[in-house]
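Chains, contacts and geometry: an overview
Listed here are the chains, written in short residue letters.
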Amino acid sequence: MLEINFLPFPILKTQRLLLRQVGANDANDILSLRSNDEVMKYIPRPYLKSKEDALELIAMFDDKIENGIGINWGIYFLDEPEKLIGIIGYYRMKPEHYRAEVGYMIFPKHNGKGIVSEALQKVIEYGFKEMQLHSIEAILDPENIGSEKVLLKNGFIKEAHLLENEYYEGRFLDSMIYSLLNK
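Let us look at the structure shown here. Once a new chain begins, its residue numbering starts again from 1 and follows that chain's sequence as written. Local features are withheld for residues below a pLDDT of 70 in this predicted model, meaning they are given only at 70 or higher, and side-chain atom pairs are given and counted only at 80 or more; totals for whole chains, interfaces and linings count all residues. Side-chain measures were taken over the full set of non-hydrogen atoms in the model, leaving aside hydrogen atoms and water.

1. A look at the sheet that holds strand β2 (residues 17-20)
Strands in a sheet are paired, the pairing made by backbone hydrogen bonds, and the direction either parallel or antiparallel. Read across the open sheet, the eight strands follow the order β1-β2-β3-β4-β5-β6-β8-β7; overall the sheet is mixed. Among the strands making up the open sheet, the edge pair consists of β1 (12-13) and β7 (157-168). Sheet topology note: the β1/β2 ladder contains two bridges and is antiparallel. Considered in β2, the bridge of L12 is made with L19. Strands qualify as paired when DSSP identifies two bridges or more between them. Numbering of helices and strands runs from the N terminus, with a helix taken as a DSSP run of H or I at least four residues long and a strand as a DSSP run of E at least two residues long.

Okay, here's the thing in structure tokens:
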């Protein structure tokens, strides 16, 4: 079974991006991101309603990092390291199976610029090399065509289309699972 330790926090860089730990200074941006209708359209999670909600979410991120059960990076441009443009991370980690779920969200004005792919490639590299994952999965709403394109562009394959497997806000939702093997 994997033994995962995210301390000290791994700061990742790409050609354009800085992936670093989200902090209290990012609370207003986290609030804006997690209360944006377009961002949350395909994410069955409650909207954040206040800065306090954002600070609680950041505290939850920190707790998962400290306990080695999940990690979130804030996505920033290298030349604007204080302005959050999105988040990406590993959730629902399954160390006994050497597998983790990757997830991401980005402000809509940055869609279509390759930012998510660039961040995802770095996070995949970290997952396979540093975390020693065997597989990475992504779970998405079947209507989220943009996210599906990002995953396919980055080598993920469709594993499953689950029918009405999640119940959220009075309705059953389908999910698609995509995965990438460390090969």
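Having seen the model, we can carry on.
2. As for helix α3 (residues 51-66)
Here, expected helix span is obtained from the residue count minus one, scaled by 1.5 Å. For α3, spanning 16 residues, the distance from its first C-alpha to its last is 22 Å, which sits close to the expected 22 Å at 1.5 Å a residue. In this scheme, a residue with accessible area under 20% of its type's maximum is buried, one over 50% is exposed, and one in between is partly exposed, where area comes from a 1.4 Å probe on protein chains only. For α3, every residue scored as buried is listed here: A54, L57, I58, F61 and I65. For α3, the angular spread of the buried residues around the axis is 100 degrees, confining them to a single face. The exposed residues of α3 that point more than 90 degrees off its buried face are E52, E56 and E66. Elements that come into contact with the buried residues of α3 comprise α1 (27-33), β3 (71-77) and β4 (86-94). Positioned one or two residues after α3, G68 has a phi angle of 65 degrees, which is positive. Think of the arc as the fan of directions from the helix axis to the C-beta atoms. Residue contacts are counted whenever heavy atoms from the two residues lie within 4.5 Å of one another.

3. Looking at the pairing of β3
Burial within β3 is extensive, with seven of its seven residues counted as buried. On β3, burial covers both faces: I71, W73, I75 and F77 on one face and N72, G74 and Y76 on the other are all buried. For β2 and β3, the ladder comprises four bridges, and the chain directions are antiparallel. Its bridge partner being in β3, R20 is matched across the sheet by G74.

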